[in-house]
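Given next are the chains, with one letter for each unit.
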Amino acid sequence: MRRFLQAMSLLCAVVGVALWFFGGMNLGASQWSEDALSAEPTHAIGQERRQVFRPGIGFLVGTAGLALGLWGASCLVQQSNSRTAG
């Protein structure tokens with residue numbers, strides 16, 4: 001169980017950094033939608049919103065926190081196993 005939690009912690013950290021890196025390394029807040037801009041104002045239909053995903057620093061911190069939480073859980077599992085074995 002300990003190795004599984006450590007592997008999930010590492011996977012979470014790697015996926016979080018990869019999504020942030022390939023998402024454009026946004027140093028601001030995460031963006032989930034943006035205004036759709038048309039080439040000509042006559043073609044604009046009201047307020048159009050386009051769904052986008054640009055992970056920011058908050059996303060990066062969140063995935064790092066989740067990875068640390070999983071790693072901490074793996075340490076707790078290790079300590080509880082060593083107590084019952086002794």
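A short tour of the structure in this document, coming up. Since this is a predicted model, take the numbers as computed values, not measurements. (Residues numbered from 1 in each chain as written. Predicted model: local features only at pLDDT ≥ 70, side-chain atom pairs only at ≥ 80, totals over all residues. Heavy atoms only, no water.)

Our focus in this paragraph is the packing of aromatic side chains. Any pair of aromatic rings gets described here by the distance separating the centres and the angle formed by the planes. For the structure on display, the rule yields 3 aromatic pairs. On the numbers, 5.1 Å between centres and 85° between planes, the contact of F21 with F22 is edge-to-face. F21 sits in the partly exposed class, given a relative accessible area of 43%. F22 sits in the exposed class, given a relative accessible area of 71%. Ring geometry for W32 against F53: centres 4.9 Å apart, planes inclined by 40°, an arrangement best described as tilted. With W32 in strand 1 (residues 31–35) and F53 in strand 2 (residues 49–54), this pair connects stretches of sequence that are 21 residues apart. For W32, a relative accessible area of 52% corresponds to the exposed category. An aromatic cluster of at least three residues, connected via ring pairs, comprises W32, F53 and F59. (Phe/Tyr/Trp six-rings, centres within 6.5 Å; stacked < 30°, edge-to-face > 60°. Buried < 20%, exposed > 50% of the residue type's maximum accessible area, 1.4 Å probe, protein only. Helix = DSSP H or I, 4+ residues; strand = E, 2+ residues; numbered from the N terminus.)

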